[in-house]
Amino acid sequence: MTRRLAVLLAAAGSAGLLLGALAFQYLGGLAPCQMCLWQRWPHLAAILIAGLTLALPGWLWPWLGALAAASSGAIGLFHAGVERGWWEGLTACAGGQDIGALTPEELLAQIMEAPLVRCDEIAWQMLGLSMAGWNAVISFVLAGLWIYAATRPRDVT
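Each chain has its residues counted from 1, following the order in which its sequence is written. Note on the predicted model: pLDDT of at least 70 is required for a residue's local features to be given, and 80 or more for side-chain atom pairs to be given and counted; whole-chain, interface and lining totals, by contrast, use all residues. Derived side-chain values reflect all non-hydrogen atoms in the structure, with water molecules and hydrogen atoms excluded from consideration.

1. Comments concerning the overall build of the protein chain
Thought 1: The way it works is that DSSP assigns letters per residue, a run of H or I at least four long becomes a helix, a run of E at least two long becomes a strand, and they are numbered from the N terminus. Each helix and strand counted, the protein chain has six helices and two strands in total.
Thought 2: Of the regular secondary structure in the protein chain, the N- to C-terminal order runs α-α-α-α-α-β-β-α.
Thought 3: Here the protein chain holds 157 residues, and the buried ones make up 31% of them.
Thought 4: Any two residues whose heavy atoms approach within 4.5 Å are treated as being in contact. A separation of at least 24 residues holds for 78% of the contacts in the protein chain among residues at least 6 apart in sequence. The rule is simple: take the accessible area with a 1.4 Å probe, protein chains only, and divide by the maximum for that residue type; under 20% is buried, over 50% is exposed, in between is partly exposed.

2. Regarding the packing of helix α1 (residues 3-26) against helix α6 (residues 131-150)
Helices that pack against each other are described as a pair by the angle of their axes relative to one another and the distance between those axes.
Thought 1: Working convention: axes come from line fits to C-alpha atoms, limited for helices to the stretch in contact. Angles between N-to-C directions cover 0 to 180 degrees. Two elements in contact, α1 and α6, have axes whose closest approach is 8 Å; the angle formed by their N-to-C orientations is 165°. With respect to their mutual orientation, α1 and α6 come out roughly antiparallel. Our pair here, α1 against α6, has a crossing hand that is left-handed. Contacts between α1 and α6 involve R3, A6, V7, L9, A10, G13, S14, L17 and F24 from the first element and M131, N135, I138, S139, L142, L145, W146, Y148 and A149 from the second. Small angles under 35 degrees read as roughly parallel and large ones over 145 as roughly antiparallel, with 65 to 115 read as roughly perpendicular and the rest as oblique. Left-handed describes a crossing whose near helix is turned anticlockwise from the far helix by less than a right angle; the clockwise case is right-handed.

3. With respect to helix α3 (residues 60-84)
Thought 1: Here the expected span of a helix is defined as 1.5 Å times the quantity of residues minus one. Here α3 spans 36 Å end to end across 25 residues, near enough to the 36 Å set by a 1.5 Å rise per residue.
Thought 2: At the C-terminal side of α3, G85 shows a positive phi close to 80°.

4. A word on the side chain of Q39
Thought 1: Along the polypeptide, Q39 turns up in helix α2 (residues 34-55).
Thought 2: Reaching out from Q39, the side chain makes a polar contact with the side chain of H79 at a distance of 3.0 Å.
Thought 3: When residues no more than four places from it in sequence are discounted, the contact partners of Q39 are S72, I75, G76, H79, A132 and N135. Pairs of N or O atoms are called polar contacts if they sit within 3.5 Å, as long as, within protein, a hydrogen donor faces a hydrogen acceptor (for residues adjacent in sequence, only side-chain-to-side-chain pairs).

5. Observations concerning the nonpolar core
Thought 1: Counting residues in each nonpolar core, the largest one holds 16 residues, and the members touching the most others are V7, A50, A69, L142, L145 and W146.
Thought 2: Secondary-structure elements contributing two or more residues to this core are α1, α2, α3 and α6.
Thought 3: What V7 contacts, discounting residues up to four positions off in sequence, is A50, T53, L54, W146 and A149. The definition of a nonpolar core used throughout is a set of buried Ala, Val, Leu, Ile, Met, Phe, Trp, Tyr and Cys residues joined through side-chain atoms within 4.5 Å.

6. Digging into the packing of aromatic side chains
Thought 1: Here a pair means two rings of Phe, Tyr or Trp (six-membered ring of Trp) with centres within 6.5 Å. Their orientation is stacked below 30 degrees between planes, edge-to-face above 60, and tilted elsewhere. Counted by the stated rule, this structure contains two aromatic pairs.
Thought 2: Summarising the aromatic geometry, the rings of F78 and W87 are spaced 6.3 Å apart at their centres and angled 15° between planes, so their arrangement reads as stacked.
Thought 3: Ring geometry for W86 and W87: centres 6.0 Å apart, planes at 70°, overall edge-to-face.
Thought 4: Taking the ring centre of Y148 as reference, the NZ or CZ of R152 above it sits at 4.0 Å. Cation placement over rings: the criterion is NZ of Lys or CZ of Arg within 6 Å of the ring centroid and within 35° of the ring normal.

Written out as structure tokens, the structure is:
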């Protein structure tokens, strides 16, 4: 496999994950939680980095692509752990704050600013993995493709 093909496959994988997430959101009616949204940004970055990798010389681009894919994988892994109750999530995302000490005004403000979807609940799963879990697995595979590309010489065109 050439460097160019590895970059194109990694970019296509990130694009597929983004399109899948958007399809679940807009066609399937599954609103994303805050951590779901965080997982999307590195994939967008990876797609842009793929364009830079193919257009500009430099050894750094594929390593940045690997970092972007691995970042989404790490967020997905953390998110999957929160969903499974393996560790505590972010208070703002999971809604775990003690509300007993809040004034009525503070409580109303917190309710109005709270995310609509909790990060600690699994909205969909397949073969025992949630969307966050699948994102982690696929993102780490994509990071491997980026690393493969980074260790190959630039294709001569």
